[in-house]
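What follows is the residue order along each chain.
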Amino acid sequence: MAGIYRKVNRPVTMTLWERLYVMEVVRGVLITARHFFRNLVGVTIAYVTGKPSERRIMTIYYPEELPPVPEAYRGRPVLVRGADGKEKCVACGLCEVACPPKCISIVGAMREDGTRYPDTYTLNGAVCIFCGLCEEACPEEAIVMSYDYQNLCEYDRSLMRYDKEALLIPEEKLAKRLEYIRRRMYNKCNY
Amino acid sequence: MMKDNRMDLHTEPFVLNMGPSHPATHGTVRFLLKMDGERILHCETEIGYLHRGFEKHCENGTWTQVFPYTDRLNYNSAIQNNVAYALAAEKLLGITGKMPERCTAIRTIMCELARLADHYTGLGASMLELGALTAFLYFVEARELVWDLIESVCGARLTSNYVRIGGLSTDLPEGFAAHTKQVFATNRVFWTEFDKLLTKNRIFLDRMRDTGALSREDSIAFGFTGPLLRAAGVEYDVRKAHPYLMYDQVDFDVPVGFAGDNFDRYLVRMEEINQSIRIVEQVLAKLPSGPINVDDPAVRNPSKEAVKSRMESMIFHFKNTIEGIQIPAGEVYVPTEGSNGEVGFYLVSVGGGKPWKCRVRPPCFALTQAVGEMVKGGFLSDIIPTFDMVNLIGGECDR
Amino acid sequence: MFDYTYLPEPSLVPYLIEMMAKIMFIFTMNVGVFAPVLGWVERKQSALMQDRIGANRADVFGFTLFGLVHIATDALKLLVKEDFIPRGADRTLHYLAPFIALVPALIAFAVIPFGGQYDLWGHKANMVIADLDVGILYVFAVASLATYGSVIAGWASNNNWSLLGGIRVGAQMLSYEVAMGLTLVGVFMVYGSLRLTDIGVAQENFFHWGIFLQPVGFILFITCALAENKRTPFDVPEAESELVAGYFTEYSGLKFAMFWMAEFLEMVTISAVLVALFFGGWQIPFVTHAGLAGFFGFLGPNGAQVATMLVHVGVFWMKVLVWIFILMLIRWSLPRFRYDQLMNLGWKIILPLALANILVTGAIMLLVK
C-alpha cells in the first residue's frame, strides 16, 4: 500500500535565529506572560463580579465545585430497588461470573411465590475495577453503575465489603442511568 | 607530567544508582550507571518492577474478561490495546470481514484519540523532566480535554474497557462531533504554543539535538518500531504497511526523521499529533450509520429486547457470559500501530471460552533494551531526554 | 596627627539612628517581606501562567487571603520537621553549609542604594547602608562566598547525587562570577565610578539609564546573574528531575528553609543590582530630585524631603518587584541547560562577548570624547 512518508521539518544545522538564544527566549516568555495576564484578568473579574468568567483557569475547585459527569460515566456499582421495595436481582449469578476480579459473591434463595432473590449479595468495593461488565451481563437491569464517585474510601478494608442493604438504591434515583443503558447499550439499533 | 600523576592515582568509576523511584525514571525502571565524572561508561537497565502477571490473569477468565486488563497495559493509550486484542480475537474467530463499518470507523477514531493522549503525555512529561514546567502543563490541559472526549464515549478516562469482540460496548454519544471540533480547536492552540515555546529554543535544541542517537541499522537490529524507528529514518508504519480498521481509506502522512536523535523523535511525535487530528476529522466527516455490533449472537451478546423475548437469545447471553465466547482452536498474531510502536497480541486458543495463551508484544520492551546503548559515552543529563523520548510505559514493558 | 576623616561625624546619635533604621528596614524587607512573599509569588505566578489556581486552601478563621496564609503554614511546617543528618555524613559541615549559603545572601544588600540623598532636619541621610568606594565589587565578593555553602552541602551529605550537585554548583558559580565581573566593567567605564550611589545619581537623566548606554552588557549580566542564582534555566545543580534535589537532597526542616531563603534573597539582590545599574535606581524618568522636592513644597522643607524620600524608595522597590516578576517568568518558561553546555556558554560565549563589550565601549567613549 503506497503511503505518504514525509520528512520532518528540521534544518540540518542550527539556523542563526536559533543560535542566538535571546530571541526565542523572549518569544517563549511572551507566550507564558500572555497566559499570565489573561488568567489574572479572568481571575480578578471572577472575584469582583462573583461569577466565573469564561473559563481560562482549567482547575475545577473540588470539592466546592464538582466536575460535570457525562452520562456514560461508570461510577460505583449499585443494586436497583424496584417500585415494590424489593430488589430486582434474581440471583442468576451472571454478574458474579462476568466480573473479572471476582468481587461479587451471591447466595441465592427462593421466595414462597417462586421468585428468586439473593439471600446475601456481597460486592467487595476494594476489589471492584469499575469496568461495568456486571451491568452488561445483568438480564434484569438489577445492577447498574451509578454516577457516584465520592466518599468511596475507608480506612479499613473490611468496611468496603458492601452487603445488599448498602448497595440497594431506589429506582427513581437511578432513572438517568437506567434510561441511558436502555437507550445506548441494549437498544435494538445497536445490532 | 600530569598524565603520569594521574595514572598513579587509584581511581574507580563512580557508581550511581538511578533507582526505581527517581523522578526521571517514570515507569519504575532502574539504571545502574558506571560513570567517569559526568560521562557514562556503562548503563545497565533493569525492568520488571511493575510486573503484575497480565498473561496469567488472562488465562483465568473468559475472552471478554481480558478487556479490562488490556486497558492497564499501556495506560496512556488504553483503547489501542483494547482494539489490538479485539482484532486478534476476531481474526481467530474469522469474522474480520463481517465487522460493521460504523464499528471500524468508531474504533479508528478512538484509537487516534488514544494516540493523541499518549503523545501529549509523553511529550509533556519529557518537558517536565527537562525543566519546562509550563509546557508540560499546557499539554496536560490538552490531554484533559481529550480525556473528556473519551470519557463521554465510554465512561472512564483511562480504563476504558470500550471494545468488545465483535463490536463495541456502546455507541458514540450525541453531540460527539461538535464536542470533538471544540476540543481540537483548543488543542491546536496548545500545540502551537508548545511549539513556539520549545522547537526553536536553543536551550532545548542543545539538549535534544545529537543526543541519544541510534543509527538506522542499529534501530532495526534492536527491534525498534514506532516513532523511534521512524525517527531513525526507516519508513515503516503498521497503519500503512499492513492496514487495518479504516486506515487505508483516510489520508494521512507519516513523519519520518533522518538523524535518529532525540530531536527527530520529538518532531516525529509532534507531527503525529497533527496527523491524528486530521484522521479523526476525516473519519468523523464520513461516519457511516448502522449497527455497531456484529449480528452473531454466539459472538456478541444479543440485544436486551431479544434476550427478554426470545429463548435462543437468552441462552446465548447466558452461555457467552458464563462459558465465554467459543473461539475455535488456532493461533493468531495481529500487529497494530500503538503510540509507542507495534502492539500485537499473540493469541492461542484450544477451542474453549478461555484463552490458552494471551501474549502481548510490548513496543517499549525493545526500546528499553537499547537505552544502555544510546546513552553510552554521553552525559548523565542525556539519559533524561533519551529515556523520555523512549516513552517507556511500565505497564506495557513489564506487563 | 592621624587622619580620622573616615570616622563618623561628631554628631553620632542621628547617624546611629539612621544606620539602625536602614539596617532594620532592609532586613525586614528582605527576610520579613520578600523571602516569604516570594514563595507566595512563585506559586501564584506559576499557577496563573499554567492556567491553574495555585495554593489557596490554608485559612485563618475562614480567610484564605489568596493563599498568603500558606507562607505561615510553610514556615511552621519547616520549623517543626525532623532535622536529620544522614549516616556517614560529616556533621559539622552538614550543619555549617546552610549558614554559609544564607549569610552572604543577607549581607549582599549592604551597598545597594534604595534612595538618594536627603536633607532631613539638617542631617544628610544617604539611603544606602554602606556607601563603599568599591561598591559593586563588595556584592561580587560576598556572592562568591555563597559558593562555599553549596559545595560543602553537596560534599557533606554522603550521597552520590548530592556530590554531583555540589560539583556542578562549584564549577557553575565560579565560571559565571568571572563573566559577571567582566560584563559590568563596561558600566563602570561609562559612569566612571564603582560606587552605586554615583551611578544612581548619574541616571537622573533618563537617557543616561544603563539600559541605553550598555544594552549588550545588560543581557550578559542578566544571564550571569541568573546563573549565579541557580535559577532555571541554570538550575543544573538543583535539577529537580535529574538529581532529585541536587546538593540539598539531604536537608530538611529549617536548614532547607535557609537554602530556599538564600535563593530568594539572591534573586532580590540581583533584581536590585539590575535596577540600580541599568534602570535608574530610584529615579523616576524625566523627574529630577529637585523637581520632585519642589512638587512637595507645600509640606515644608523637611516634609518635602521626607515625601521625596518615600516616593523614591517606593519607586525603587516597585522596579525591583517588576524585575522579580520577569525573572520568575523566565524561570517557569524555559527548559534547563545541560551541564557542559552551561559551561560552554559561560566560558566560550559570554566571556568573549563581555571582553568585546569592553573594547567597543572604550572605543565609543574615545570617539565621543
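Shown above is the structure to which this text applies.
What you see is a predicted model; the values in this text were computed from it and never measured.

Before going further, it helps to spend a moment on the overall build of chain B. Within chain B one finds 18 helices and 9 strands. For chain B, whose C-alpha radius of gyration is 23 Å, the value lies close to the compact-globule estimate of 21 Å for 399 residues. The proportion of buried residues among the 399 residues of chain B is 59%. For chain B, the share of sequence-separated contacts (at least 6 apart) that also reach a separation of at least 24 residues comes to 70%.

Right, let's get into the interface of chain B and chain A. Think of interface size as the accessible area that goes away when the parts come together; that is how it is often given. Of the residues lining the interface, 55 residues belong to chain B; the matching set on chain A comes to 45 residues. Among the elements of the structure, helix H3 (67-71), helix H6 (133-154), helix H7 (176-198), helix H8 (202-208), strand E6 (253-256), helix H12 (262-285), helix H13 (304-309) and helix H14 (311-322) of chain B are those that each provide at least two residues to the side of chain B that touches chain A. The greatest single-element share of the side of chain B that touches chain A, amounting to 7 residues, is contributed by H6(B). Residue composition of the side of chain B that touches chain A, grouped by class: 22 nonpolar, 15 polar and 18 charged. Pairing analysis gives 4 bridges linking strand E1 (residues 4-7) of chain A to E6(B), with the strands arranged parallel.

With 25 residues of chain B in contact, the opposing surface of chain C contributes 20 residues. For the side of chain B that touches chain C, the secondary-structure elements that each account for two or more residues are strand E1 (14-18), helix H5 (101-130), H6, H8 and helix H17 (380-390) of chain B. Partitioned by chemical class, the residues of the side of chain B that touches chain C number 16 nonpolar, 4 polar and 5 charged.

Here the focus is the sheet that holds strand E2 (residues 30-36) of chain B. Residues and elements named next belong to chain B. Pairing in this open sheet of 3 strands is antiparallel, and the strands run E1-E2-E3 from one edge to the other. The open sheet has two free edges, formed respectively by E1 and strand E3 (39-46), since each of these has just one partner strand. Ignoring strand direction, the axes of neighbouring strands in this sheet form an average angle of 20°. Pairing of E2 with E3, which is carried by 7 bridges, proceeds in the antiparallel orientation. Considered in E3, the bridge of leucine 33 is made with cysteine 43.

Attention now moves to the packing of helix H3 (residues 91-107) of chain C against helix H4 (residues 136-156) of chain C. All names here are of chain C. One way to put it is that H3 packs onto H4 with a least axis distance of 8 Å and a crossing angle of 160°. The angle between H3 and H4 places the two elements in the roughly antiparallel class. Our pair here, H3 against H4, has a crossing hand that is left-handed. In this structure, H3 uses Leu93, His94, Leu96, Ala97, Pro98, Ile100, Ala101, Pro104, Ala105 and Ile107 to contact H4, whose residues at the interface are Val142, Ala143, Leu145, Ala146, Tyr148, Gly149, Ser150, Ile152, Ala153, Trp155 and Ala156. Along the lines of polarity and charge, the residues of the contact of H3 with H4 split into 18 nonpolar, 3 polar and no charged.

Conventions adopted
- Residues numbered from 1 in each chain as written.
- Chains lettered and ligands numbered in written order.
- Predicted model: local features only at pLDDT ≥ 70, side-chain atom pairs only at ≥ 80, totals over all residues.
- Helix = DSSP H or I, 4+ residues; strand = E, 2+ residues; numbered from the N terminus.
- Rg over C-alpha atoms; globule rule 2.2 N^0.38 Å.
- Buried ≥ 20, exposed ≤ 12 C-beta atoms within 10 Å, placed from the backbone.
- Contact = placed C-beta atoms within 7 Å.
- Nonpolar A, V, L, I, M, F, W, Y, C, P; charged D, E, K, R; others polar.
- Pairing = 2+ DSSP bridges.
- Axes fitted to C-alpha atoms, helices over the stretch in contact; angles between N-to-C directions.
- Parallel < 35°, antiparallel > 145°, perpendicular 65-115°, else oblique.
- Left-handed = near helix turned anticlockwise from the far one by under 90°.

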